[in-house]
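# Architecture at a glance
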Amino acid sequence: MSTVLEKGAERDELARVDEPLALGGRSFRSRLIAGTGKYRDSETMVAALRAAGAEIVTVAVRRVDLDASKEESLLHHLDPEEFFLLPNTAGCYTAEDAVRYARLGREAGLHDWVKLEVIGDEETLYPDVEEMLEAARTLVDEGFTVLAYTNDDLVTALKLQDAGVAAVMPLASPIGSGLGLPDPVGIRILKRRLDVPVIVDAGVGTASDACLTMEQGVDGILMNTALAAAEDPVAMAAAMRRAVEAGRLAYLAGRMPRREWAVPSSPSAGRLA
Amino acid sequence: MSTGSIRIEVNGQTREVSGGSSVADLLEQLELDRRTVVVELNRRIVRRDDLDGAELEAGDRVELVRFVGGG
């Protein structure tokens, strides 16, 4: 059986209307960035990352467990030739801590990119924008390519852009919540006003969330729990890949206007008397 | 070259290493791969090329970190 999908026509369509994601002076095919946390095992993680078509994957920096008999390195499973590893500063509550983690991440990796996260509240994991701005300025000064996790506050996003970040990453809803995108308008406002890429980070729960998010015109989505906590992470990753592409295509295609009355799709002329 | 052992703190735990040990010796003793572990010595990162030359002193605080899964 030969389907359209098998012939690759749909992917060609995406290539026709879309451009690669330009981020920090690099170019990426995939608009789906995936986290590597919370997978039940490394094999599932790698299979899911591949099914998602992710090129950029985030990693965290943590102490080596000296009591573990023989720890397996994450790098054993993630080939930097295959995936662009983006260290995060998850778990940091101050600018000083975030800068420290960013420097460690740079040393552990192969480049000077960092996903900057400075948390201000334990229950919601909402960002501390004051500390984050301070950390962003320091890291940009030190030559880092900073992708900043933030809320959907436009003024903070503009300050981050002025600080020189490579991307602003507003949350759709709280990290790990799977609540989707409750406020598409807020995200659209950010996208309309910012020149740097907007990548929605956190909150996406299932494929329709990802599709709706991409339909707002944002440049990409970062997701972790939606994949790792699915019953079948690999299948969900495949769904997310399609959802991100579908949402992107739908955005670029330009949706029909909404109206609150019906308009027939079939001609009214030529009906039988 | 000093002899005997000295006490240092590694990832919050007190450990003894022989006097004159380098950071590279510590990694070897802990069976850690220097290509995947990053070392912070008294809050300053020790570059990979400098691990052999970085000598440990009593009371040093060492942090050994590496990449783990994260979002």
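Here, the structure is the one placed above.
This write-up is about the structure you can find in this document. Quantities reported herein were computed from a predicted structural model and do not represent experimental measurements.

### Observations concerning the overall build of chain A
Regarding its fold elements, chain A presents nine helices and ten strands. Since a compact globule built from 273 residues should have a radius of gyration of about 19 Å, the 20 Å found for chain A is in line with a globular shape. Relative to its 273 residues, chain A shows a buried fraction of 43%.

### A closer look at the overall build of chain B
Helix and strand counts for chain B come out as one helix and five strands. Reading the helices (α) and strands (β) of chain B from amino to carboxyl end gives β-β-α-β-β-β. For chain B, the C-alpha radius of gyration of 12 Å lies close to 11 Å, the compact-globule estimate for 71 residues. Seen through its principal axes, chain B has C-alpha atoms that stretch 45 × 25 × 20 Å. The burial tally for chain B puts 25% of its 71 residues in the buried class. Counting contacts in chain B only where the partners sit at least 6 residues apart, residues at least 24 apart contribute 52% of the total.

### Some remarks on the interface of chain A and chain B
Of the residues lining the interface, 26 residues belong to chain A; the matching set on chain B comes to 20 residues. Elements that contribute at least two residues to the side of chain A that touches chain B include exactly strand E4 (56–63) and helix H3 (95–108) of chain A. Among the elements that take part in the side of chain A that touches chain B, E4(A) stands out by supplying six residues, more than any other. The sheet contact formed by E4(A) and strand E5 (residues 61–69) of chain B spans five bridges and is antiparallel. Note on E5(B): the bridge partner recorded for Val59(A) is Gly69(B).

### Quick notes on the sheet that holds strand E8 (residues 167–170) of chain A
Residues and elements named next belong to chain A. Across the sheet, three strands lie side by side as E6-E7-E8; this open sheet has parallel pairing. A strand with exactly one partner marks an edge of an open sheet, and here the two such strands are strand E6 (113–116) and E8. Going from strand to strand, the sheet's axes swing by 15° on average, the running direction of each strand aside. Sheet analysis places E6 next to strand E7 (residues 145–150), joined by four bridges and oriented parallel. Counterpart to Leu-116 in the pairing with E7 is Ala-148.

### Considerations on the packing of H3(A) against helix H4 (residues 129–141) of chain A
Residues and elements named next belong to chain A. With their axes 8 Å apart at the nearest point, H3 and H4 run at an angle of 40° to one another. One element, H3, and the other, H4, form an angle in the oblique class. For H3 against H4, the interelement crossing comes out right-handed. On H4, the residues touching Ala-95, Ala-98, Val-99 and Ala-102 of H3 are Glu-131, Glu-134, Ala-135, Thr-138 and Leu-139. A breakdown of the residues in the contact of H3 with H4 according to their chemical character gives six nonpolar, one polar and two charged.

### Regarding the nonpolar core
Among soluble globular proteins, nonpolar side chains are generally buried collectively. Counting residues in each nonpolar core, the largest one holds 96 residues, and the members touching the most others are Leu116(A), Ala148(A) and Met240(A). By residue number, the principal contributor to this core is H3(A), which donates seven residues.

Thresholds applied
- Residues numbered from 1 in each chain as written.
- Chains lettered and ligands numbered in written order.
- Predicted model: local features only at pLDDT ≥ 70, side-chain atom pairs only at ≥ 80, totals over all residues.
- Helix = DSSP H or I, 4+ residues; strand = E, 2+ residues; numbered from the N terminus.
- Rg over C-alpha atoms; globule rule 2.2 N^0.38 Å.
- Buried ≥ 20, exposed ≤ 12 C-beta atoms within 10 Å, placed from the backbone.
- Contact = placed C-beta atoms within 7 Å.
- Pairing = 2+ DSSP bridges.
- Axes fitted to C-alpha atoms, helices over the stretch in contact; angles between N-to-C directions.
- Parallel < 35°, antiparallel > 145°, perpendicular 65-115°, else oblique.
- Left-handed = near helix turned anticlockwise from the far one by under 90°.
- Nonpolar A, V, L, I, M, F, W, Y, C, P; charged D, E, K, R; others polar.
- Core = buried A, V, L, I, M, F, W, Y, C linked by C-beta atoms within 7 Å.

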